[in-house]
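Below are the chains, spelled out letter by letter.
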Amino acid sequence: EAQQGPADLTRKAIGENYSSLLMLSQLAAAQHLDSSPEVIRQLALDHTQILSNAEFARVKAQAQPTAAEIRAYYDAHLADYDTVNLRRVFIWEKTADTKDGKGVSPQEAKALAAAIRKAYASGGDAKKIVRDSNEAVLDQAPVEFQRGEMPPRMEQAVLALKEGEWAELNDSPGNLLLVQVVKRGRRDLKEVSPQIEKKLQAQKLKTELEDLKKKAGVWMDEAYFAPAPKTSVSSTQPKKSGQEKQ
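Per chain, residues are indexed from 1 in the order of the written sequence. With pLDDT at 70 or above as the cut-off, local features in this predicted model cover only qualifying residues; side-chain atom pairs require 80 or more to be listed or tallied, and sums for whole chains, interfaces and linings still use all residues. To get the side-chain values, all heavy atoms of the structure are used, and hydrogens and water are removed first.

## A closer look at the overall build of the protein
Argument step 1. Numbered from the N terminus, helices here are DSSP runs of H or I no shorter than four residues, and strands are runs of E no shorter than two. Each helix and strand counted, the protein has 8 helices and 5 strands in total.
Argument step 2. Overall, the protein shows an N-to-C arrangement of helices and strands of α-α-α-β-α-β-β-α-β-β-α-α-α.
Argument step 3. Burial classes follow relative accessibility: with a 1.4 Å probe on protein chains only, a residue under 20% of its type's maximum area counts as buried, one over 50% as exposed, and anything between as partly exposed. In the protein, which comprises 246 residues, the share counted as buried stands at 24%.
Argument step 4. Contacts: residue pairs with any heavy atoms within 4.5 Å of one another. Of the contacts made within the protein by residues no fewer than 6 positions apart, 65% connect residues no fewer than 24 positions apart.
Argument step 5. Here the open area of atoms and residues is found with the Shrake-Rupley method and a 1.4 Å probe, where only the protein chains shown may cover a residue. If you sum the accessible surface of the protein, you get close to 18400 Å²; carbon and sulfur atoms cover 55% of it.

## Topic: helix 1 (residues 11–30)
Argument step 1. Multiply 1.5 Å by the residue count of a helix minus one, and that product is the helix's expected span. Here helix 1 contains 20 residues, and its C-alpha end-to-end distance of 29 Å stays within 8% of the 28 Å for a straight helix at 1.5 Å per residue.
Argument step 2. Following helix 1 by one or two positions, His-32 has its phi on the positive side, about 60°.

## Notes on the confidence of the model for the protein
Parts of the model with low pLDDT should not have their predicted coordinates read in detail.
Argument step 1. Summing up the model confidence of the protein, the mean pLDDT is 87 and the portion of residues at 70 or higher is 87%.
Argument step 2. Within the protein, the lowest mean pLDDT, 50, falls on helix 8 (residues 242–245), and the highest, 97, falls on helix 3 (residues 67–76). Every residue carries a pLDDT, the predictor's confidence in it, which falls somewhere between 0 and 100.

## Re the environment of Glu-165
Argument step 1. Its location among the elements puts Glu-165 in the loop between helix 5 (152–159) and strand 4 (166–172).
Argument step 2. Placed 17 residues apart in sequence, Glu-165 and Val-182 show a C-alpha to C-alpha distance of 8.0 Å.
Argument step 3. Beyond its immediate stretch of four places on either side in the chain, Glu-165 contacts Ala-160, Val-179, Gln-180 and Val-181.
Argument step 4. One polar contact links the side chain of Glu-165 to the main-chain amide nitrogen of Lys-162, over a distance of 2.8 Å. Throughout this description, a polar contact denotes any pair of N or O atoms lying within 3.5 Å of each other; where both atoms belong to protein, one of them has to be capable of donating a hydrogen while the other can accept it, and for residues adjacent in sequence the pair is counted only when both atoms sit in side chains.

## Quick notes on helix 3
Argument step 1. Within helix 3 the residues assigned to the buried category are Ile-70, Tyr-73 and Tyr-74. Summarising the axial view, the buried residues of helix 3 lie within an arc of 100°, below the 170-degree limit, and thus occupy one face. For helix 3, the exposed residues lying more than 90 degrees away from the buried face are Ala-68 and Ala-76.
Argument step 2. In this fold, the buried residues of helix 3 make contact with strand 5 (175–186) and helix 6 (189–216). Each C-beta atom gives one direction from the helix axis, and the arc is the one those directions make.

## Looking at the packing of helix 3 against helix 6
Argument step 1. Remark: helix 3 packs on helix 6, axes separated minimally by 9 Å, with the N-to-C direction vectors making an angle of 105°. Between helix 3 and helix 6, the angle falls in the class roughly perpendicular. Facing helix 3, whose interface residues are Glu-69, Ile-70, Arg-71, Tyr-73 and Tyr-74, helix 6 presents Leu-189, Val-192, Ser-193, Ile-196, Glu-197, Lys-199, Leu-200 and Lys-204.
Argument step 2. In the scheme used here, Gly and all other residues not listed as nonpolar or charged are polar, with Ala, Val, Leu, Ile, Met, Phe, Trp, Tyr, Cys and Pro taken as nonpolar and Asp, Glu, Lys and Arg as charged. In the contact of helix 3 with helix 6, the residues fall into 7 nonpolar, 1 polar and 5 charged. Where helices are involved, their axes are fitted lines through C-alpha atoms of the stretch in contact, as for all axes, and angles between N-to-C directions lie from 0 to 180°. When describing relative orientation, an angle under 35 degrees is termed roughly parallel and one over 145 degrees roughly antiparallel, while 65 to 115 degrees is termed roughly perpendicular and anything else oblique.

## Considerations on unusual backbone geometry
Argument step 1. One non-glycine residue, His-32, lies in the positive phi region at around 60°.
Argument step 2. Positionally, His-32 belongs in the loop between helix 1 and helix 2 (37–62).
Argument step 3. For His-32, a relative accessible area of 57% gives the class exposed.

## Points about the pattern of salt bridges
Argument step 1. Salt bridges, as used here, are contacts in which a Lys or Arg side-chain nitrogen is within 4 Å of a carboxyl oxygen on Asp or Glu. In this structure the tally under the stated criterion is 11 salt bridges.
Argument step 2. Across the pair Asp-75 and Arg-71 runs a salt bridge whose closest N-O atoms are separated by 3.3 Å. With Asp-75 and Arg-71 both in helix 3, this residue pair falls 4 residues apart, about one helical turn.
Argument step 3. With relative accessibility at 39%, the residue Asp-75 sits in the partly exposed group.
Argument step 4. Arg-187 is the partner of Glu-191 in a salt bridge, and the nearest nitrogen-oxygen pair spans 3.8 Å.

Below, the structure written as structure tokens:
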């Protein structure tokens, strides 16, 4: 029942599926289908896969990082867990390709951006300045981002800002983005331990599997896996035979 599959399967449906599985497998054995070459091949593959899964689970469990390893990684990569709380303002500008009437002129966009920034600076309600969502959209509340979670260009601009400062980005034609750093912080060890644990376990697991392959003497015939040579295509068409000409 722990592997019942899709959530919409009822207990009765599971029972019916399992009873059919037992019935058909017993009939197949009675008809000696388990001795056919194709079934023998499939059983061998399934047997290998099941053993492989069991060993992978064992190796993965052994690759579980310790609390000390997680702590050491966190201390060595503190900057990776720096956070910024951003206030974002998206202003739509009309372009030559605008057909739905969405957006404002570049001059109006600049004026709207200045008015919104002024409202935030004075403690006013910047949302009242935006008359229509076709002109601009504001975050309801500042959004927190961890380093690496933002687009590269946006992150580069944000990292250069101090708290309270704004940056203006034109990510694409017709899209003016204003970002303000509201607060800087850093996620603590308890909060990021699950992601560090997952990362370290994946690294240790990869290293262990590579070592096991070397010890087992696994090798690949690179010539077999080489791409097929490209065949040259003649630039001239073959001449038609006399019969084809007729």
